[in-house]
Amino acid sequence: MQKAFDIGLDSLFAHKDAATPESCFIADAPQRGTFYLETFGCQMNEHDSEKVAGVLLSRGYRQVDSVEAASFILYNTCSIREKAAQKVFSRLGELRETSSEPKKIGVLGCVAQQEGEKIFHRSPWVNLVCGSASYSKLPELLEQLEAGEKRVTGLDTDTDETFETELTRRDNPWRAYLTIIEGCDKACSYCVVPFTRGPERSRSSDSILRELRQLADLGYTEVQFLGQTVNSYADPSSRKMKFSELLRAAAEMPGMRRVRFTTSHPRDFGRDIVEAIESNDRICNHVHLPVQSGSTRVLRTMQRTYSRDEYLEKIAMIHESKKHIAITSDIIVGFPGETEREFDETLGLMEAVKYEGIFAFKYSPRPNTPAQSMADAIPEEEKSRRLAILLELQRKIQTEANEKLVGDFFEVHVEGKSRRENQWSGHTSCYRVVNFSSPQSDLLGSYVPVKVNSATPNCLIGEHAP
Ligand code: SAM
Ligand code: SF4
């Protein structure tokens, strides 16, 4: 059965237990066709897709969950590492082979920005190429396509606009993403983001808090503030709210139970953020603070703007907090010129910090970045060897840390139900995954106390506590 949503809603959600993409369309918009939207990459891309879907829905398109059923196919792409970028071209190749009827094809996001009009030469069946800094022009671009234009582009990065939509089609009915700062003004020598997402642009605190109020009214109880460097937030309005003040204000919003934020850049991470976390239990006790390398020399060539010691000072400040604050990180192995000793420094730093989770990557040379032409590339097998060592160490650290939590109680925000009877899963405030048993039904979206009975490196296992 198809369900229509009222256009007056400014946030739709779809969850496998709530509403599937097939059921999503706006009843009183002109009906234009169907779209399929696939997303690659980070949470910011996922949230951009939620907003892009909102734009399409409000223009009268209906969302479907297969390429075959769609008249308009969109890929929201990632180019942070080469493999991610390649995936998109293989998808575009598959489309040419499988598609018998004419469909419109759009490439959005970082690959669109990076490759630009070259995409039309490589895949002439593509109709729309649009980078994230031009999403606010999407309605115009769609209008041109609807009027019969064959190729349209939005590739400007010279903008001070943020992408705000009247309608966002959110995928998760309880935790909402909310981008507070777009783009990046840092210049890490390995990274395509400043090039593909443009300069830093912060949303005004009023508009963020307005959206947050709407989210609370719609029943969301958890929000995750997003930004490539979320803590570099600079309120463009006369209120000039600091990032930590924004966190405190968000935590006061009636109905909101958890406020998360990611990703924090070490340079802009100050004590005021720790104090905000200490001040209110609704601000989650988790900080994602990517280090990238434990070697000051490598950090300098990465242009990360901090040394090993400066990073460790920030960690000490977090560790000294009166509240336990979980720290997670991103690490790159095999950056050009990284010696065995420098790699050991990264391992040493991991031992010192005891991250509660990491994302680790083999360095991938990217177009338009200074690191691409750096000497002393590390061979692929060596990068793989270092990655395996690093992951093994992290596994050990997480195993030890999680085992210490056996017997403890956590409040879990329940976000999943297993196919196995009475089994549920969710996250703690410090973003640990907890799988637990409960005889109760209808726990999805609720917050429940859980006693931890055992642990694996990646999750805690427990039971619903009285
Ligand atoms: N803005 C965040 C920061 O400064 O930490 C990270 C954003 S980036 C989308 C996510 C992660 O991808 C980075 O932290 C880095 O570890 C990794 N990454 C970025 N460029 C990379 C590259 N060329 N090769 C390998 N990993 C890369
Ligand atoms: Fe990329 Fe560095 Fe900006 Fe993060 S801070 S998005 S790694 S340039």
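What the 5 strands build is a closed barrel, ordered β17-β18-β19-β21-β20; its pairing is mixed. Across the sheet, the mean angle separating the axes of adjacent strands is 50 degrees when strand polarity is ignored. Sheet topology places strand β17 (residues 409-417) next to strand β18 (residues 423-427); 4 bridges connect them, and they run antiparallel. When the sheet's bridge partners are listed, His-413 is paired in β18 with His-427.

With that settled, the discussion passes to the pairing of strand β9 (residues 175-179). Looking along a regular strand, one sees side chains alternate from face to face of the sheet. With 5 of 5 residues buried, β9 lies mostly within the body of the structure. The alternating pattern of β9 places Arg-175, Tyr-177 and Thr-179 and Ala-176 and Leu-178 on opposite faces, both of which are buried. Looking at chain direction, β9 and strand β12 (residues 222-226) are connected through 5 bridges and run parallel. Within the sheet, the bridge partner assigned to Leu-178 lies in β12 and is Phe-225.

Right, let's get into helix α13 (residues 380-403). Taking 1.5 Å of rise per residue, the 24 residues of α13 would be expected to cover 34 Å, and the 34 Å separating its terminal C-alpha atoms lies within 8% of that figure. Of all the residues in α13, the buried ones are Glu-382, Lys-383, Arg-386, Leu-387, Leu-390, Leu-393, Gln-394, Ile-397, Gln-398 and Asn-402.

Time to look at the site of ligand 2. If you check the shell around ligand 2, you find Cys-184, Lys-186, Cys-188, Tyr-190, Cys-191, Val-193, Pro-194, Gln-228, Thr-229, His-265 and Arg-304 and nothing else. Here the shell around ligand 2 is built from residues that sort into 6 nonpolar, 3 polar and 2 charged.

Every one of the 15 residues lining ligand 1 counts as a neighbour, but Tyr-190, Gln-228, Gln-292, Asp-330 and Ser-364 are closest to it. Separating a nitrogen atom of ligand 1 from a backbone N or O atom of Tyr-190 is a distance of 3.0 Å. The backbone of Gln-228 places a nitrogen or oxygen atom 2.7 Å from a nitrogen atom of ligand 1. For ligand 1, whose free accessible area comes to 560 Å², the fraction covered by protein is 91%. Counting only elements with at least two residues in the shell around ligand 1, the list comes to β15 (326-333) and β16 (357-362). By residue class, the composition of the shell around ligand 1 is 6 nonpolar, 4 polar and 5 charged.

Counted under the stated rule, the structure contains 31 salt bridges. Glu-380 is the partner of Lys-383 in a salt bridge, and the nearest nitrogen-oxygen pair spans 3.1 Å. Residue Lys-383 and its partner Glu-380 are located together in helix α13, separated by 3 residues, close to a single helical turn. Judged by its relative accessible area of 4%, Lys-383 falls in the buried class. Members of the salt-bridge network, linked through shared partners, are Glu-338, Glu-340, Glu-382, Arg-385 and Arg-386.

Another aspect to go through is the side chain of Arg-201. Here Arg-201 lies in strand β11 (residues 201-202). A relative accessible area of 5% places Arg-201 in the buried class. A distance of 2.8 Å separates a polar atom in the side chain of Arg-201 from the backbone oxygen of Pro-199. With residues near it in sequence (within four places) discarded, Arg-201 still touches Ala-133, Thr-159, Asp-160, Glu-161, Thr-162, Ile-180, Ile-181, Glu-182 and Gly-183.

Their axes nearest at 8 Å, the elements helix α8 (residues 243-251) and helix α9 (residues 271-279) cross at an angle of 10 degrees. Considering the angle they form, α8 stands roughly parallel to α9. Considering only the axes of α8 and α9, their crossing is right-handed. Contact residues: α8 offers Phe-243, Ser-244, Leu-247 and Arg-248, while α9 offers Asp-272, Ile-273, Glu-275, Ala-276 and Ser-279. A per-class count over the contact of α8 with α9 returns 4 nonpolar, 2 polar and 3 charged.

As a further point, take unusual backbone geometry. Trans peptide bonds make up the majority, and among non-glycine residues the majority have a negative phi. The omega torsion of the bond from Thr-262 to Thr-263 falls at 5 degrees, within 30 degrees of zero and hence cis. Residue Thr-305 is not a glycine yet carries a positive backbone phi of 70 degrees. Along the chain, Thr-305 falls in the loop between α10 (296-302) and α11 (308-319). Positive phi, close to 65 degrees, is recorded for Asp-376, a residue that is not glycine. Topologically, Asp-376 is positioned in the loop between β16 and α13. Exposure remark for Asp-376: the relative accessible area of 58% places this residue in the exposed category.

Two elements in contact, helix α12 (residues 340-353) and α13, have axes separated by 10 Å at closest approach and are oriented at 15 degrees. Comparing their axes, α13 and α12 come out roughly parallel. In this structure, the crossing between α12 and α13 has a hand that is right-handed. Only Glu-382, Arg-385, Arg-386, Ile-389, Leu-390, Leu-393, Gln-394, Lys-396 and Ile-397 of α13 make contact with α12, whose side of the interface consists of Glu-340, Phe-343, Thr-346, Leu-347, Met-350 and Glu-351.

In this section: the sheet that holds β15. Read from one edge of the open sheet, 3 strands run β14-β15-β16, paired in parallel fashion. The open sheet terminates on both sides in strands that have one partner only, identified here as β14 (286-288) and β16. Each neighbouring strand pair of the sheet contributes to a mean axis angle of 10 degrees, computed without reference to strand direction. Two elements, β15 and β16, share 6 bridges in a ladder whose sense is parallel. Bridge assignment links Ser-329 to a residue of β16, and that residue is Ile-358. Sheet strands in contact with α13 are β15 and β16, and its direction is about 175 degrees off that of β16.

Here we take up the packing of aromatic side chains. If you walk through the whole model with that rule in mind, you get 7 aromatic pairs. Here Tyr-61 and Phe-72 contribute two aromatic rings whose centre-to-centre distance is 6.0 Å and whose plane-to-plane angle is 50 degrees, an arrangement assigned as tilted. You can see Tyr-61 sitting in strand β3 (residues 61-63) and its partner Phe-72 sitting in strand β4 (residues 72-77), a full 11 residues away along the chain. Tyr-61 gets classed as buried once you look at its relative accessible area, which sits at 7%. Overall, Phe-72 belongs to the buried group, its relative accessible area being 2%. For the ring pair Phe-335 and Tyr-363, a centre distance of 5.2 Å and an interplane angle of 75 degrees mean the geometry is edge-to-face.

Calculation criteria
- Residues numbered from 1 in each chain as written.
- Chains lettered and ligands numbered in written order.
- Predicted model: local features only at pLDDT ≥ 70, side-chain atom pairs only at ≥ 80, totals over all residues.
- Heavy atoms only, no water.
- Pairing = 2+ DSSP bridges.
- Helix = DSSP H or I, 4+ residues; strand = E, 2+ residues; numbered from the N terminus.
- Axes fitted to C-alpha atoms, helices over the stretch in contact; angles between N-to-C directions.
- Buried < 20%, exposed > 50% of the residue type's maximum accessible area, 1.4 Å probe, protein only.
- Expected span 1.5 Å × (residues − 1).
- Near = heavy atom within 4 Å.
- Nonpolar A, V, L, I, M, F, W, Y, C, P; charged D, E, K, R; others polar.
- Polar contact = N/O pair within 3.5 Å; in protein donor to acceptor, adjacent residues only side chain to side chain.
- Areas by Shrake-Rupley, 256 points an atom, 1.4 Å probe, with all protein chains shown as cover.
- Salt bridge = Lys/Arg side-chain N within 4 Å of Asp/Glu carboxyl O.
- Contact = heavy atoms within 4.5 Å.
- Parallel < 35°, antiparallel > 145°, perpendicular 65-115°, else oblique.
- Left-handed = near helix turned anticlockwise from the far one by under 90°.
- Phe/Tyr/Trp six-rings, centres within 6.5 Å; stacked < 30°, edge-to-face > 60°.

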